[in-house]
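# Residue-level structural notes
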Amino acid sequence: MSDPSGEMRELAKKLLENGEVDRIIGWEKGNLWYQSPPLFITRAEETDRLVFDDFAINSLVTYLLDERDSGKKTGIFVKGCDSRGLVRILQDKQIARESVYVIGLPCSGKKDPRQALSSGASESSQVPPAAKCEECLYPNPVIYDVIIGEAVEAKAKGDRFAAVKEIEAKTADEKYAYWTSQYSKCLRCLACRNVCPACNCRECAFDISKPRILAKENNLSHNMVYHLTRAFHAAGRCVECGECERVCPMGIPIMQLNKKIIKEINDLFGPYEAGVKLDETPPPLGTYQTSDPEEFM
Amino acid sequence: MSVKSSDAQEAWEPKILAFCCNWCSYAGADLAGLNRTQQPPNVRIIRVPCSGRVDPQFIMRAFQDGVDGVLVAGCHPGDCHYSTGNFFARRRFLLFQRIFDYIGIDPGRLQNRWISGAEGDKFAATVSKVTEDIRALGPNRKLRDEHE
């Protein structure tokens, strides 16, 4: 893949100069070679800082929520996975389509800074692709105003539900032991919620103090309720961007639960891909069919 | 409200929480009572406006606070007082039962039934059946909040 940074800078500069957008969200090169953190710019002379390299893994779309009431127009760079998150936010009517100028970037897979650090690599080529990119089905943006670079072929992938099936094969007590071992690690830092494009409520259920859903204390029972509730709130709305799992400081396999829900929704209510088409019917749990499976007679 | 008891001291009896929709299942429970139908006393009923009102959070909270099983009862599909509430509930609980199974809690601990206001006998039979099912599964420790 050729480096699109030059084109990105040129476009961003033009957009800011002619006042088409008020700010640009992209990535810049961090202090370390394995970091490309988000960059927010409002002035044309800053556009030279923009990059799009192997470590531009962060999804930027949730930053749009911070200024959803500002009336400003934002230019934003999106990869394939990010674009589905953007569709999620637009479908949930959190921002107006006119308030965002979408610059699409086809992506052949990014690398995780944490893996770069743990593998002891000294340059990008030695770092394996990020876990969430291994199962990528949408390397090209599904929504954009302009696209930079050539479309990328989706790689032939294995079964995206392989990990789910592995857990399904366990006995009930093995499953419970597995999940409790994972959820007992949770710090409840809420990073997974904060980064999730489906978690775009203005007031999150977990932040409401009356009635309080979660105890302040960190215990296993409440950790489980937190994760199950969050997964259920995102049920049928999760766009499989894998950001929750990427940001989790404790390495909890959050996507294994989300993927299970996607798998079951596909089985129960017919195949569904969230965040792919903007003008779509409500997500599966926001609608019904009279012919749905009946198990409760 | 906490429904915990000291399991060790007395013979264990299943504790079951039932969410009954105001328009059908609660009336069904009422009819079962009017008819003096015998049923086990293990079920505590919370009246809700519609089975669609039942949030999975309510169910998880019940398990946290020490129930052994939950029954959600609503109008038959097509009979909802609010036209469509139970259709949404049906989708929700089909999925939620599978999530329960996936994290290792027996999905039999979360049961759903459609019981109309005229089905007093069905309500009593359901209560008996659910009580026996939960009795067979034994006391639930999973998801329980031990700290309160």
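Residues numbered from 1 in each chain as written. Chains lettered and ligands numbered in written order. Predicted model: local features only at pLDDT ≥ 70, side-chain atom pairs only at ≥ 80, totals over all residues. Heavy atoms only, no water.

Another point: the pairing of strand β5 (residues 100–104) of chain A. Residues and elements named next belong to chain A. Extensive coverage of β5 is indicated by the burial of 5 of its 5 residues. Where burial is concerned, the two faces of β5 agree: the one with V100, V102 and G104 and the one with Y101 and I103 are both buried. Summarising the sheet, strand β4 (residues 74–78) and β5 pair through 5 bridges and their orientation is parallel. Bridge pairing in β5 places I76 opposite V102. (Buried < 20%, exposed > 50% of the residue type's maximum accessible area, 1.4 Å probe, protein only. Helix = DSSP H or I, 4+ residues; strand = E, 2+ residues; numbered from the N terminus. Pairing = 2+ DSSP bridges.)

Residue and element names in this part refer to chain A. On domain assignment, one finds that chain A holds domain 1 (7–147) and domain 2 (162–286). Using C-alpha coordinates to define each centre, domain 1 is positioned 24 Å away from domain 2. Counting residues at the interface gives 27 residues for domain 1, matched by 26 residues for domain 2. Buried area between domain 1 and domain 2, both sides added, is near 2,200 Å², and the carbon and sulfur share of it is 46%. (Domains from an automatic or database assignment. Contact = heavy atoms within 4.5 Å. Buried area = accessible area lost by both parts, 1.4 Å probe.)

Turning our eyes to something else, we now look at the state of the cysteines. A covalent bond between the sulfur atoms of two cysteines is what we call a disulfide. Under the counting rule described, the total for this entry stands at 1 disulfide over all chains. C24 of chain B shares a disulfide with C75 of chain B; S-S distance 2.4 Å. The sign of the 100° torsion about the S-S bond sets the C24 of chain B-C75 of chain B disulfide as right-handed. Here the residue C24 of chain B occupies a position in the loop between β1 (16–21) and α1 (25–34), and C75 of chain B occupies one in the loop between β3 (69–74) and α3 (85–102), the gap between them amounting to 51 residues. The two residues C24 of chain B and C75 of chain B agree in class, both being buried. Cysteine C133 of chain A remains unbridged, with the sulfur of C107 of chain A as its closest cysteine sulfur at 5.7 Å. Free of any disulfide, C248 of chain A has its nearest neighbouring cysteine sulfur in C189 of chain A, separated by 6.4 Å. For C248 of chain A, a relative accessible area of 7% corresponds to the buried category. (Disulfide = S-S within 2.5 Å.)

Glancing now at helix α4 (residues 120–137) of chain B. Residue and element names in this part refer to chain B. With 18 residues, α4 ought to run about 26 Å at 1.5 Å a step, and its terminal C-alpha atoms sit 26 Å apart, in line with that. Of all the positions in α4, only G120, F123, A124, T126, V127, V130, T131 and I134 are classed as buried. The buried residues of α4 occupy an angular sector of 160° when projected down its axis, which confines them to one face. Away from its buried face by more than 90 degrees, α4 exposes D121 and A136. Packing partners of the buried residues in α4 comprise β1, α1, β2 (43–48), β3 and β4 (110–114). In the stretch just after α4, G138 is the one whose phi turns positive, near 85°. (Expected span 1.5 Å × (residues − 1). Arc of directions from axis to C-beta.)

Below, the discussion takes up the pairing of strand β1 (residues 23–28) of chain A. Residues and elements named next belong to chain A. Within β1, 6 of the 6 residues are buried, which leaves the element mostly enclosed by the surrounding structure. Residues R23, I25 and W27 point to one face of β1 and I24, G26 and E28 to the other, with burial holding for every one of them. Across 3 bridges, β1 lies against β4 in parallel orientation. Across the sheet, the residue bridging to I25 is I76, located in β4. The pairing of β1 with strand β2 (residues 38–41) spans 4 bridges and is antiparallel. Bridge pairing links I24 to I41 in β2. One ladder, built from 2 bridges, connects β1 with strand β3 (residues 50–51); its direction is antiparallel. Residue pairing in the sheet places W27 in a bridge with V51 of β3.

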